[in-house]
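# Structure assessment
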Amino acid sequence: MVGAGVLGGASATAAPSSTHSAAASTASAAASPANVGKGLTRTTTHLTLDAATKAAQAALKAAEKAGQRVSVTVVDRNGSTLVALRGDGAGPQAYESATRKAFTAVSWNAPTSELVKRLDQAPTLKDIPGTLFLAGGAPVRDGDAPIAGIGVAGAPSGTLDEQFAEAGAHALDG
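Residues numbered from 1 in each chain as written. Predicted model: local features only at pLDDT ≥ 70, side-chain atom pairs only at ≥ 80, totals over all residues. Heavy atoms only, no water.

Counting buried residues along strand β3 (residues 71-76), six of its six residues qualify, which places the element largely inside the surrounding structure. Residues S71, T73 and V75 point to one face of β3 and V72, V74 and D76 to the other, with burial holding for every one of them. Pairing of β3 with strand β4 (residues 81-86), which is carried by five bridges, proceeds in the antiparallel orientation. Each residue of the ladder has a partner; that of T73, found in β4, is A84. The sheet contact formed by β3 and strand β6 (residues 145-153) spans six bridges and is antiparallel. Among the inter-strand pairings, D76 is bridged to a residue of β6, identified as A148. (Buried < 20%, exposed > 50% of the residue type's maximum accessible area, 1.4 Å probe, protein only. Helix = DSSP H or I, 4+ residues; strand = E, 2+ residues; numbered from the N terminus. Pairing = 2+ DSSP bridges.)

This is the structure in structure tokens:
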């Protein structure tokens, strides 16, 4: 369900031939992966497109089963949209709201219903661009690390939206 990717790194170059100049040889050596300092790269886990699609479809199906018209968005660890589904009959506000809920859930690695409670102590959190502190977002985790966020919007309550987002996340279990 989840794939691994590498952040950072250097590109490899071909070994210089004996006809290359010393400068070309030095430049090639400087660009080789062997010269990348330790701690400059990190391996991370990312949700595959297939897994993101599966989660989005599961969330939409749960909403449809409950008779709700919603939009669903799945974002990656960096908050970039992987999949967005606008359900039949979903309101025009649902698409952007679902995306912002997904972004918020992955950014803080918590369901957005829990994050709403934090606004009492830190009301300016809601001013961070791209966020939406309303129930309906759920993080997807690999262990304790967030790897994606699922946002649902359009049901008459955030509680329902979040149930559908959780259904999408649970579709990736096992």
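A word on helix α5 (residues 158-170). Owing to its 3.6 residues per turn, the α-helix brings residues three or four apart onto one side. Compared with an ideal rise of 1.5 Å per residue, which puts 13 residues at 18 Å, α5 spans 18 Å between its outermost C-alpha atoms and is within 8% of the ideal. Buried residues in α5 make contact with α2 (49-65), α3 (92-108), α4 (112-118), β5 (137-142) and β6. (Expected span 1.5 Å × (residues − 1). Contact = heavy atoms within 4.5 Å.)

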